[in-house]
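Observations on the model geometry
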Amino acid sequence: MRRARKSINQINVVPYIDVMLVLLVIFMVTAPLVNPGEIELPSVGSKLTAPAQPLEVTLRTDQTLLLLDRQAGGSATPVSRDELVARIRAKQTRIPDQPVVIAADKSARYEDVLAILDLLQRNGARKVGLLARPPGT
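These lines cover the structure that appears in this document, whether it is placed above or below. (Residues numbered from 1 in each chain as written. Predicted model: local features only at pLDDT ≥ 70, side-chain atom pairs only at ≥ 80, totals over all residues. Heavy atoms only, no water.)

1. Some words on the layout of surface pockets
Convention followed: With a 1 Å grid spanning the protein atoms alone, the term cavity applies to any set of points in which a 1.4 Å probe fits but cannot get out, the term pocket to an open set with protein on both sides within 12 Å along at least five of seven lines, and the term lining residue to any residue with an atom within 4 Å of a point. Grid points are joined across faces, edges and corners, and a volume is the space filled by probe spheres set on the points. The numbering of helices and of strands both runs from the N terminus, where a helix is a DSSP run of H or I of at least 4 residues and a strand a run of E of at least 2. In this count, Pro and Cys sit with the nonpolar residues alongside Ala, Val, Leu, Ile, Met, Phe, Trp and Tyr, while Asp, Glu, Lys and Arg are called charged and the others, Gly among them, polar.
Looking at the second largest pocket, its volume works out to about 180 Å³. Residue lining of the second largest pocket: Leu-55, Leu-67, Leu-68, Asp-69, Ala-72, Gly-74, Ser-75, Thr-77, Arg-87, Lys-91 and Arg-94, and that is the complete set. Mapped onto the lining of the second largest pocket, the elements with two or more residues apiece are β2 (65-69) and α2 (81-94). Looking at the lining of the second largest pocket residue by residue, the class counts come to 4 nonpolar, 3 polar and 4 charged.

2. Examining a nonpolar patch on the surface
Quick note on the threshold: Here the term patch refers to residues with relative accessible area over 30% and no salt bridge, with like charges joined within 9 Å and nonpolar side chains (Val, Leu, Ile, Met, Phe, Trp, Tyr) within 5 Å. Here the accessible surface of atoms and residues is derived via Shrake-Rupley with a 1.4 Å probe, and residues count as covered only by protein chains that are part of the display. Within this document, salt bridges are pairs made up of a side-chain nitrogen of Lys or Arg and a carboxyl oxygen of Asp or Glu, the two lying within 4 Å of each other. Three exposure classes are used, based on accessible area relative to the maximum for each residue type with a 1.4 Å probe and protein chains only: buried under 20%, partly exposed in between, and exposed over 50%.
On the surface, a cluster of nonpolar side chains totalling about 770 Å² of accessible area is made up of Ile-11, Val-13, Tyr-16, Ile-17, Leu-21, Leu-24 and Met-28. A residue is classified by how much of its surface remains accessible, and Ile-17, at 46% relative accessible area, is partly exposed.

3. Side note on the nonpolar core
Going by this rule: Among buried residues, those of type Ala, Val, Leu, Ile, Met, Phe, Trp, Tyr and Cys that are joined through side-chain atoms within 4.5 Å constitute a nonpolar core. Whether two residues touch is decided by their heavy atoms; if any such pair falls within 4.5 Å, the residues are in contact.
In this structure, Val-57, Leu-84, Ile-88, Ile-102, Ile-116 and Leu-120 are the most contacted members of the largest nonpolar core, which totals 18 residues. Mapped by element, the contributors of at least two residues to this core are β1 (55-59), β2, α2, β4 (100-104) and α3 (110-122). Among the elements that line this core, the one with the most residues is α3, at 5 residues. Excluding residues that lie within four positions of it along the chain, Val-57 makes contacts with Leu-65, Leu-66, Leu-67, Leu-84, Ile-88, Val-100, Val-101, Ile-102, Ala-103 and Ile-116.

Shown next as structure tokens:
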């Protein structure tokens, strides 16, 4: 007659403790050998440059375009599409990080706004975005 085996319901944790102690010793030995990376922080005396005022392209509902250069201090002048591209290209040649924003009337068609955006991007204008005003202004 054979006796039924009794199941063991205990976990032997001694091998796990041995592995943990070996890992702890490895990390304690290698930690002083690792050199941390250097971080270059900005100095206090460095001067900050003010961002350039964007060129503002206004699209009216009758598809006329106005260009406003706030840095020049002028008023919005009506321009054709070709003249708009030429003026923006000339300004960005002088000031490479010159941003351009497109402001459109509320009732202007979305396709017309995208056409102006596409025209500027195809002709090499950089930093082109859309201008949105908060409600009530």
